[in-house]
Amino acid sequence: MPQQKDIVKIAIQMPGAYPQLIQLDQKKPLSAVIKAVCEGWNLPGPENYALQYADGVQLYITESNRLDIKNGCILRLTKAPGCSAEALKKGIQSADGGVRCESLKELASISRDVTFAQEFINRGGHTLLVKIVEDSKESNQIMTHTLTGFMELMDHGIVSWENLSAVFIKKISGFVSSRSTDEAMQQVSLDILENMVLSSRKLFLQVKQEVTMEKLIAHLQVENQQIQTKAMALLMALLQTADDSDRQEIFAFLNKKNLRQYIYKNIILGSSPIQDEMAHYLYVLQSLTLNHLEARMRTPLDCYSQEQRDILHGLRQAAFETESENSLSHERRRSLCAKEFKKLGFSNNSNPGQDLVRTPPGLLALDTMYYFAARYPDAYSRFVLENSSREDKHECPFARSSIQLTLILCEILRIGEAPSETGSNYHLIFFSQDRLLEELFCVCIQLLNKTWKEMRATQEDFDKVMQVVKEQITRTLASRPTSLELFKNKVNALNYSEILKLRQTERLHQEETLAPPVLELKERLKPELLELIRQQRLNRLCQGTMFRKISSRRRQDKLWYCRLSPNHKMLHYGDVEEEADNPAIETLQEKIPVADIKGLLTGKDCPHMKESKGKQTKEVLDLAFSITYDVEEYSLNFIAPSRTDFCLWTDGLSVLLGRDMSSESMRSELEILLSMEIKLRLLDLENVPIPESAPVVPKPPSNYNFCYDFSQTEQ
């Protein structure tokens, strides 16, 4: 007799027949199960039938995925995948255009199932689709279905992208470039080209040759947001796959065509809000562009390079009068140079190049100083002369400040860091401004001089000033200014006194009085507030969250949704379409009883992080969590959309498991709630000092004769 854990109670449907309620024995071969079901409906040829899910993504049931079937699942008896593949192949080859169109439309939908895809490819269906594309005799509608089906088949990784012919690549590239192609067809064509580029160097070179950059830039100017996104995806794939020389060539062309201005005008200032995928590509473009500066940042100054020495002396000569320098003797001239380099703020005034040997920022600091001196000569001279003429030890060293400021800007702009798979933090100002680093430096070096004077700083305060300047820049960029002028106005308004006020306000929010009575009150309030947070977490799980399945092959992965049932007994989940917003719980075809959940794993302990063999970035690891269920044999793997969602879900799952919440979000919210509650309770004690300890209770009196007995008086 089979064990209870191997039995699953399910329903099986078939059009025109009463459903069968069966107890599926997971140890029994699937063919035997199908045979028994067919006998129940008196159907001959059980080998021509298969089972698939009736709801959601209608995947075929196979021996490899049958363990995913849970109690209460509804399955459907349908044609075997081999039979379906054969029928669709015949339909695609039909002489009737309507039959071909319907067959290809169905193929585009059913090809998401890897079992069907394998059968269709084994019967040469994939080659048939390639031929339809190469011949290009069909209507746009049929071609769109063909390309969609082809993309779904390729997505399973059964057939290599490198097997595609040059004619096929040329045709797909033609669909992208042709004006007569409709938008849906262009969209899937761009998707196919992106995957080609990411798959191999050979295909990268072919696509780069066939698809013109002008056409990709033109696609960024259309109103269709999906076309814009796919065009950006292909452009980023080309840039990320290219070697250094190819990347330089592509960037040179894009700069010549003013790509950033097109993006700023048509995407950032466009009428539609920027979606997550487009935000990611804007972030990638920003990272790749700024990383051009990495080579200079990691190259130390070469003291034997005449060009670099000339730039150093050019900085000195731009700041100080040097008409009579040639008439001086060698020793006198050398002494004068050392004195002027000291006034410029170099620590090693006899050999200023030594200050630029440290990497980062290396030669990038020299570039920014030279850019400032050449672009804004008046501001440069004013900075240097103002500080070199001071005798009160409050002079701000230009060179030392510039080197440190360049390093700070490199850290803030993440120069040298490879773009992450999930990053989407881009600066609006980047797309409105050429030479962003240099222009930011020119604004911020003048800000530094202003802040130095406001703080009345000396050389000993150098690090403190740099910390304040870094905070000024970071806070201003966090407000997402859209232009350099707006950044300049905001950062200058955020003076030292404003920074002190902000710090004080934040400190007051973070710190509460540490008097023992208040600490005791906090401890008494904690259980009630923790229960409030628990309820909020469970409510959030009931609302559900959209998750993305991330793979290394391409970014446009499928989405899935997970939510907790209102009675907190079931976790429902299932694949959804991108446009689906808060899908109903009935549409989610999978579920896990909360009682079956055995554990919660996070970070590198998750099964899907272990399988990636260490390739995942820290950013992805910080968002990964898994739940194990049944006898810890199965797991449901998540990658949260954000750190906030990660905290909400891990806390909520911990509550369901009867464990303590431990996320930083919970601790932060608890502190905020405690702070608000304490302030409300202490409102009446404003300006009243709270004693460190409770007043001493006096000893009881020797007698109580002083008490007046009202009861006797009334009598």
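All residue numbers refer to position in the chain's written sequence, counted from 1. In keeping with the predicted nature of the model, local features appear solely for residues at pLDDT of at least 70, side-chain atom pairs appear and are counted solely at 80 or more, and the whole-chain, interface and lining totals rest on all residues. Side-chain measures were taken over the full set of non-hydrogen atoms in the model, leaving aside hydrogen atoms and water.

**Q** Quick question: what am I supposed to make of the packing of helix α20 (residues 398-412) against helix α22 (residues 462-478) here?
**A** Packed helices, taken two at a time, are described by their axes: the angle between them and the distance between them. Only the stretch in contact is used when fitting a helix axis, every axis being a line fitted to C-alpha atoms; angles between N-to-C directions are given from 0 to 180 degrees. The secondary structure listing takes helices from DSSP runs of H or I that are at least 4 residues long and strands from runs of E that are at least 2 residues long, numbered from the N terminus. In the contact formed by α20 and α22, the axes pass within 11 Å of each other and the chain directions differ by 35 degrees. Remark: the crossing between α20 and α22 carries right-handed chirality. For the pair α20 and α22, contact is made by Arg-400, Ser-401, Gln-404, Leu-405, Ile-408, Leu-409, Glu-411 and Ile-412 and by Phe-462, Met-466, Val-469, Lys-470, Ile-473, Thr-474 and Leu-477, respectively. Gly is put with the polar residues, along with every residue not named as nonpolar or charged; the nonpolar set is Ala, Val, Leu, Ile, Met, Phe, Trp, Tyr, Cys and Pro, and the charged set is Asp, Glu, Lys and Arg. A class-by-class count of the residues in the contact of α20 with α22 yields 9 nonpolar, 3 polar and 3 charged. Each crossing is labelled by how the near helix is turned from the far one, with a counterclockwise turn of less than a right angle marking it left-handed and a clockwise turn marking it right-handed. Whether two residues are in contact is decided by their heavy atoms: any pair within 4.5 Å suffices.

**Q** Mind showing me how you'd approach the sheet that holds strand β1 (residues 7-14) here?
**A** As a general point, the strands of a sheet are linked pairwise by backbone hydrogen bonds and lie either parallel or antiparallel. In spatial order, the strands read β2-β1-β4-β3; together these 4 strands make up an open sheet with mixed pairing. Each edge of the open sheet carries a strand with a single partner, namely β2 (17-25) and β3 (49-53). Strand-to-strand, the axes of this sheet are offset by a mean angle of 35 degrees, without reference to chain direction. Whether two strands pair comes down to DSSP finding at least two bridges between them. Pairing between β1 and strand β4 (residues 74-79): 3 bridges, direction parallel. Directly across from Ala-11, in β4, lies its bridge partner Ile-74.

**Q** Teacher, can you tell me more about the nonpolar core here?
**A** Side chains of a nonpolar character, in soluble globular proteins, are inclined to be buried together. Among buried residues, those of type Ala, Val, Leu, Ile, Met, Phe, Trp, Tyr and Cys that are joined through side-chain atoms within 4.5 Å constitute a nonpolar core. Exposure is judged per residue with a 1.4 Å probe applied to protein chains only, and the accessible area is read against the type maximum: over 50% gives exposed, under 20% gives buried, and values in between give partly exposed. Counting residues in hydrophobic clusters, the biggest one holds 143 residues, and the most contacted among them are Met-196, Met-232, Ile-263, Leu-344 and Leu-405. The greatest single-element share of this core, amounting to 11 residues, is contributed by helix α21 (residues 436-454). In contact with Leu-344, other than residues within four places in its own chain, are Leu-315, Arg-316, Ala-319, Phe-320, Tyr-380, Val-384, Pro-397, Phe-398 and Ala-399. Core analysis: the second largest hydrophobic core is formed by 39 residues, Val-594, Cys-606, Leu-653 and Ile-678 among them.

**Q** Please clarify how the environment of Leu-564 should be interpreted in this entry.
**A** Relative to the elements of secondary structure, Leu-564 occurs in strand β6 (residues 559-564). Taking the C-alpha atoms as reference, Leu-564 lies 6.7 Å from Gly-544; in sequence the two are 20 residues apart. In contact with Leu-564, not counting residues within four places along its chain, are Leu-538, Leu-541, Cys-542, Met-570, Leu-571, Ile-585, Val-594 and Leu-656.

**Q** I'm lost on the pattern of salt bridges in this one. Help?
**A** Any two side chains of opposite charge can pair, given that their charged atoms come close. A side-chain nitrogen of Lys or Arg and a carboxyl oxygen of Asp or Glu constitute a salt bridge if their distance falls within 4 Å. Taken as a whole and assessed by the stated rule, the structure comprises 34 salt bridges. Here Lys-170 ties to Glu-210 by a salt bridge, and the two come within 3.5 Å at their closest N and O atoms. Highlighted residues: Lys-170 in helix α7 (residues 166-177) and Glu-210 in helix α9 (residues 201-210), separated in sequence by 40 residues. In this structure, the salt-bridge partner of Glu-669 is Arg-537, at a minimum N-O distance of 2.9 Å. One end of the pair, Glu-669, is in helix α29 (residues 664-681); the other, Arg-537, is in helix α25 (residues 516-543), and 132 residues separate them in sequence. Relative accessible area serves as the criterion here: at 27%, Glu-669 is assigned to the partly exposed category. Here the salt bridges do not stand alone but share partners, grouping Glu-86, Glu-119 and Arg-123 into one network.

**Q** Could you clarify how one ought to interpret the packing of aromatic side chains in this entry?
**A** How two aromatic rings sit relative to each other is given by the distance of their centres and the angle of their planes. Any pair of Phe, Tyr and Trp rings, taking the six-membered ring for Trp, is counted once the centres come within 6.5 Å. Such a pair is stacked with planes under 30 degrees apart, edge-to-face with planes over 60 apart, and tilted for the rest. Per the counting criterion, the structure on display carries 23 aromatic pairs. Between Phe-116 and Phe-120, the aromatic rings sit 5.7 Å apart at their centres with planes inclined by 20 degrees, giving stacked as the arrangement. In this pair, Phe-116 and Phe-120 both sit in helix α4 (residues 114-122), 4 residues apart, roughly one turn of the helix. Taking the centre distance of 5.3 Å and the plane angle of 70 degrees together, the rings of Phe-383 and Phe-398 count as edge-to-face. Linking Phe-383 in helix α19 (residues 377-388) with Phe-398 in helix α20, this pair joins segments that are 15 residues apart in sequence.

**Q** Would you mind showing me how to read the environment of Leu-648 here?
**A** Its place among the elements puts Leu-648 in helix α28 (residues 643-656). Judged by relative accessible area, Leu-648 falls into the buried class, the value being 7%. Through-space distance from the C-alpha of Leu-648 to that of Gln-93 is 52 Å; in sequence the pair is 555 residues apart. For Leu-648, the contacting residues outside a window of four places in its chain are Gln-536, Arg-537, Arg-540 and Leu-541.

**Q** Whenever I open this one, the side chain of His-394 confuses me. Can you help?
**A** Secondary-structure assignment places His-394 in the loop between α19 and α20. Classification of His-394 as buried rests on a relative accessible area of 14%. In protein, a polar contact means a hydrogen-donor-capable atom and an acceptor-capable atom, both N or O and within 3.5 Å, with residues adjacent in sequence counting only if both atoms are side-chain atoms; elsewhere, any N or O pair within 3.5 Å suffices. At a separation of 3.3 Å, a polar atom in the side chain of His-394 contacts the main-chain carbonyl oxygen of Arg-456.

**Q** How should I be thinking about the sheet that holds strand β11 (residues 634-639) in this particular structure?
**A** Spatial ordering of the open sheet is given by β9-β10-β11, a layout of 3 strands whose pairing is antiparallel. Both outer strands of the open sheet, β9 (597-602) and β11, are each paired with one neighbouring strand and no more. Averaged over all neighbouring strand pairs, the angle between strand axes comes to 20 degrees, with direction disregarded. Bridge analysis of strand β10 (residues 624-629) against β11 gives 6 bridges, and the strand direction is antiparallel. Bridging across to β11, Ile-627 finds its partner in Leu-636. Sheet strands in contact with α28 are β9, β10 and β11, and its direction is about 20 degrees off that of β10.

**Q** Even after reading the chapter, I still don't get helix α3 (residues 97-110), so can you show me in this structure?
**A** Each α-helix winds once per 3.6 residues, and so residues spaced three or four apart point in a common direction. Multiplying 1.5 Å by the residue count of a helix minus one yields the expected span of that helix. Counted at 1.5 Å a residue, the expected span for α3 with its 14 residues is 20 Å, and the 20 Å between its end C-alpha atoms agrees. For α3, the full list of buried residues reads Arg-100, Cys-101, Ser-103, Leu-104, Leu-107, Ala-108 and Ile-110. Buried residues in α3 make contact with α2 (81-92), α4, α5 (125-135) and α6 (140-154). Put simply, Asp-96 is the residue that caps the front of α3, since its side-chain oxygen is 2.8 Å from the backbone nitrogen of Gly-98.

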